[in-house]
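Residues per chain, in single letters:
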Amino acid sequence: MAVISFLSGLVGLLAMNLVLGPIAIGLAGLALIRGTTRPGRAGLGLALGIADLVVLACLISADHTWSWSLG
């Protein structure tokens, strides 16, 4: 669960912040509660999940949109 949390948080920074951010947070919390052998990876997943939601909040407040583009 810790690795999946990390990967979903990492991908969530680029795409589907609203979906992958909470998934990363939830899986990281479960992994830490269950005593994972990779607490660092779970912590990174938790941090990236929170960062996903922060990026989404900044995006919504700046552009008034739910998606972003580089153009």
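Keep in mind it's a predicted model, so treat the numbers as computed, not measured.

Draft legend 1. Local environment of a nonpolar patch on the surface. A surface patch of nonpolar side chains, amounting to about 370 Å² of accessible area, comprises Met16, Leu18, Val19 and Ile23. Counting through the fold element by element, valine 19 comes out in helix H2 (residues 17–33). Take valine 19: its relative accessible area is 45%, and that puts it in the partly exposed class.

Draft legend 2. Layout of helix H3 (residues 39–63). Taking 1.5 Å of rise per residue, 25 residues should cover 36 Å, and H3 covers 36 Å from first to last C-alpha, within 8% of that figure. Residues of H3 that are buried: Ala42, Gly45, Leu48, Gly49, Asp52, Leu56 and Leu59. In this structure, the buried side of H3 is in contact with helix H1 (2–12) and H2. Just downstream of H3 lies histidine 64, where phi reads positive at about 55°.

Draft legend 3. Here's a closer look at the side chain of serine 5. Looking at where serine 5 falls in the secondary structure, it is placed in helix H1. Not counting residues within four places of it along the chain, the set of residues in contact with serine 5 comprises Ala24, Leu27, Ala28, Gly45 and Leu46.

Draft legend 4. A look at H2. Taking 1.5 Å per residue, 17 residues should reach 24 Å; H2 reaches 24 Å between its end C-alpha atoms and fits that length. Here H2 has its buried residues at Asn17, Leu20, Gly21, Ala24, Leu27, Ala28 and Ala31. The arc that holds every buried residue of H2, seen down its axis, measures 140°, which confines them to one face. Those residues of H2 that are exposed and aimed more than 90 degrees away from the buried face are Leu18 and Ile33. Among the structural elements, H1 and H3 are those in contact with the buried residues of H2.

Draft legend 5. Structural view of the packing of H1 against H2. Running from N to C, H1 and H2 point in directions that differ by 155°, and their axes come no closer than 8 Å. It follows that H1 is roughly antiparallel to H2 by the angle criterion. Handedness of the crossing formed by H1 with H2: left-handed. Contacts between H1 and H2 involve Ala2, Ile4, Ser5, Ser8, Gly9, Val11 and Gly12 from the first element and Asn17, Leu20, Ile23, Ala24, Leu27, Ala28 and Ala31 from the second. Its residues placed into classes, the contact of H1 with H2 shows nine nonpolar, five polar and no charged.

Cut-offs and rules
- Residues numbered from 1 in each chain as written.
- Predicted model: local features only at pLDDT ≥ 70, side-chain atom pairs only at ≥ 80, totals over all residues.
- Heavy atoms only, no water.
- Patch = residues over 30% accessible without salt bridge, like charges linked within 9 Å, V, L, I, M, F, W, Y side chains within 5 Å.
- Areas by Shrake-Rupley, 256 points an atom, 1.4 Å probe, with all protein chains shown as cover.
- Salt bridge = Lys/Arg side-chain N within 4 Å of Asp/Glu carboxyl O.
- Helix = DSSP H or I, 4+ residues; strand = E, 2+ residues; numbered from the N terminus.
- Buried < 20%, exposed > 50% of the residue type's maximum accessible area, 1.4 Å probe, protein only.
- Expected span 1.5 Å × (residues − 1).
- Contact = heavy atoms within 4.5 Å.
- Arc of directions from axis to C-beta.
- Axes fitted to C-alpha atoms, helices over the stretch in contact; angles between N-to-C directions.
- Parallel < 35°, antiparallel > 145°, perpendicular 65-115°, else oblique.
- Left-handed = near helix turned anticlockwise from the far one by under 90°.
- Nonpolar A, V, L, I, M, F, W, Y, C, P; charged D, E, K, R; others polar.

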